[in-house]
Amino acid sequence: MQIRRYSLRSILTLILIWLSLISFGNDAPMSASLAVAAPEVQPPNTFQATPCMFKGLELGIVTISPEEMGFECGYISVPEQHANPDGPTIRLPVAIRRATSTNPKPDPLFLAQGGPGGSAFEIFPITVPNTSIAAERDIVIFNQRGTVYAQPELVCTELRDAMPNLLALPPDEGEQKWQELLGECYQRLRAAGINLSAYNSLENAADVEVIRQTLGYDEFNFYGVSYGTLLGLHLIREYPQHLRSVILDSVVPTNLNFITQVPTSENRIYDELFQFCAERPSCAASYPDLEARFWAIVDQLNNSPTTLRLTHPDTGEQVTAYLDGDILLETVYQALYLSDSYAVFPKIVANLENNDYTFIQNIWAFIAFDRTFSEGMYYSVICAEDANFDPIIVGLDGLRSQIAARVPDDMQSYQDSCAVWPVDLLPSKVDEPVVSNIPTLLLSGRFDPITPPVFAATAAASLANAYNVVDPLTSHGVAFNHDCINQVVQDFLNNPTTEPDATCLTTQIPITVVPPNAITLPLLARVAELDRPFLTETAIGGLLLAGVLSAFVIWPIILVVNIILGKKLTFTTRQKWLHWSSRLLILVFGLLAVIFVAGLVGFVMYVLFSESSYLSAFTIPGTARPILLIPPLLLLLTISIVGIAGFIWHQKNWPRWDKVYYTFLAICALGYVIMLSIHGLLFV
């Protein structure tokens, strides 16, 4: 959850998964969706098959389409207001992946994302099909009304377009500008004929029932994460008839206002993090006085703010971002949605002490320039259901001073946003506990910063057949993270009237805390993304290195030919020295470059495929330091090689072909060093 409007929201296929799970409660979603699109004319309660609207799985230059992944896609038309079935209609995007078993279960699993305003298509098509759950029953993924791919989309392009400027502003100025742009977005959407009061949890729940009817399912199972759990609770209350079972992951109870609980939840997560490290001798020894060190950094930045350069992950644009202690807290808070945050957090603190903001810059950029979120949907839901509170009631007792100091402004920010985004309030019944005997599995993570386990316990108190499971090593978004929890979910779906066996959670071994000597490597963010620009740059670097290595083949061949033909060098002693030293420099360059590439690839592969938290911290083991000393040596060699290349052109009796070829080698060496610099590898 995020309070400040201009700052952050919700990394690496890993980053992608994390971002799509952390969106609940974030008021600073930075969407890049297009302007409002008018819904196509389609009869209500009908399914219109279309090509899948989401991208599928991108693996570098290879893209696996949703259809190749087994999805059937289309749109279902629903009334904008279900109480007025003959009124305007809107369209919801739906993707179905049929069960692959020869004897599939008849009841599908519906998947709902959080936010409100998040896109289910950014994560579930990647994570769920790989589970045995998807083999046994149909998977139905849908995006809620007003989100991306829905028609219309309630996206605020005003905020997206202004983001580079907003990031550079101090907090007060940024907040004021955010509210102005939010108001402009509201007026534009209203002028387009959209009834923004129709985009709320009750209409959302009615949509789920229409999707079920339209697809022809009798019973179904519902899974919701973050805000999706609040939607699931409303669904239980309003449309229980066809619900076979419900899974609520990272729970938001109806009878507890998550907004007013944010400060307490934030304070709690730091308690958990500091306690986790203190209880482990290796962590406590590696990171002594961790709590005092962290809050000292926050205080220092509040006293002396700084600026960072953020790189837009899609365009490569460099933008300036204002950073003080409060904004640092917000950014770190978002990073704590990461599943292994407990193992990464100490290293973040140590890096910040050394003015290394690599982690913050990478995470902040992915959050600020997220293109998968619908701001309008967020505010329509929040302002109708949770923002009608008195900021004065938010208690400050027991909070750390750095957290307590932000509470008045943060709470007021909600009030200001809803003042420029007026929608009808939902009836008071939505704040009552949901009473039901529908089998319900509630999942929580110990290190969840926004929906702590106590939230699940609150919701479970009025659910007669509730099973409350806490993963001791997970953060926000528990399901589909590892085999143990997947088995718990599958056992529950197979027999929802029996409490699933979750003892495997108690035998998990925590990931080792990233050690202080781990080396920050910004390149890892791009390695995990495997975006095309990165692959193109890497391919160019590979070709340049191949050019240098060609000397290992060309020169021996020439030497053998000259020996066979009896040709001898007619150089002076000085020229002979120049001849052999020029070749030695190239050969040493090539040998060192090969050692560097092999070593770096080995360490990166270890990070990508080992059960460690190095990747999450954008780090590699400290044992890689000797390998990382090679690029500066390559730079020195390149300077010498380029100098010699220029010098030999002044040698009158030097063979022209040798001058041309050596110049080619010098250009390849220089280009390779430049590519190392582009990848941030020249000086690590």
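Note: the structure precedes this text.
### Focus on the state of the cysteines
Thought 1: In this structure the tally under the stated criterion is five disulfides.
Thought 2: Here Cys484 engages in a disulfide with Cys504; their sulfurs sit 1.9 Å apart. For the disulfide bridge between Cys484 and Cys504, the dihedral angle about the S-S bond is near 80°, and by the sign convention the bridge is right-handed. Taken together, the positions of Cys484 in helix α18 (residues 483-494) and Cys504 in the loop between α18 and β14 (519-520) put the pair 20 residues apart, joining distant regions of the chain.
Thought 3: Here the disulfide map of the protein reads 1-2, 3-4, 5-6, 7-8, 9-10, the bonded cysteines being numbered as they appear in the sequence.

### Comments concerning the packing of aromatic side chains
Thought 1: In the structure shown here, the tally under the stated rule is 32 aromatic pairs.
Thought 2: Here the aromatic rings of Phe110 and Tyr217 are separated by 6.3 Å at their centres, their planes lie at 75°, and the arrangement is edge-to-face. Of this pair, Phe110 sits in strand β6 (residues 109-112) while Tyr217 sits in the loop between α6 (201-215) and β8 (220-225); the two residues are 107 residues apart in sequence, bridging distant segments of the chain.
Thought 3: For Tyr217, a relative accessible area of 10% translates into the label buried.
Thought 4: Judged by centre distance (6.3 Å) and plane angle (75°), the rings of Tyr333 and Tyr337 are edge-to-face.
Thought 5: Here the aromatic residues Tyr186, Phe373, Tyr378, Tyr379 and Trp421 are joined through ring pairs into a cluster of three or more.
Thought 6: Seen from the ring of Tyr199, Arg145 lies directly overhead, with NZ or CZ sitting 5.5 Å from the centre.
Thought 7: Seen from the ring of Trp555, Arg583 lies directly overhead, with NZ or CZ sitting 4.5 Å from the centre.

### A short note on unusual backbone geometry
Thought 1: Geometrically, the link from Gly115 to Pro116 is a cis peptide bond, its omega value of -10° lying close to zero.
Thought 2: One can find Pro116 in the loop between β6 and α2 (124-127).
Thought 3: The step from Gln151 to Pro152 runs through a cis peptide bond, and the omega angle for that step is 5°.
Thought 4: One can find Pro152 in the loop between β7 (139-142) and α4 (157-167).

### Some remarks on the sheet that holds β6
Thought 1: If you trace the nine strands from one edge of the open sheet to the other, you get β1-β4-β5-β7-β6-β8-β9-β12-β13, paired in mixed fashion. Edge positions in the open sheet fall to β1 (47-50) and β13 (466-471), since each of these has one partner strand only. With strand direction ignored, the average angle separating the axes of adjacent strands in the sheet is 25°.
Thought 2: Looking at chain direction, strand β9 (residues 243-249) and strand β12 (residues 440-445) are connected through four bridges and run parallel.

### A closer look at the environment of Gly118
Thought 1: When you line up the elements, Gly118 lands in the loop between β6 and α2.
Thought 2: Judged by its relative accessible area of 5%, Gly118 is buried.

### Considerations on the side chain of Gln151
Thought 1: By the secondary structure assignment, Gln151 is in the loop between β7 and α4.
Thought 2: A distance of 2.9 Å separates the side chain of Gln151 from the side chain of Arg91, its partner in a polar contact.

Conventions used here
Residues numbered from 1 in each chain as written. Predicted model: local features only at pLDDT ≥ 70, side-chain atom pairs only at ≥ 80, totals over all residues. Heavy atoms only, no water. Disulfide = S-S within 2.5 Å. Helix = DSSP H or I, 4+ residues; strand = E, 2+ residues; numbered from the N terminus. Phe/Tyr/Trp six-rings, centres within 6.5 Å; stacked < 30°, edge-to-face > 60°. Buried < 20%, exposed > 50% of the residue type's maximum accessible area, 1.4 Å probe, protein only. Lys NZ or Arg CZ within 6 Å of the ring centre and 35° of its normal. Pairing = 2+ DSSP bridges. Axes fitted to C-alpha atoms, helices over the stretch in contact; angles between N-to-C directions. Polar contact = N/O pair within 3.5 Å; in protein donor to acceptor, adjacent residues only side chain to side chain.

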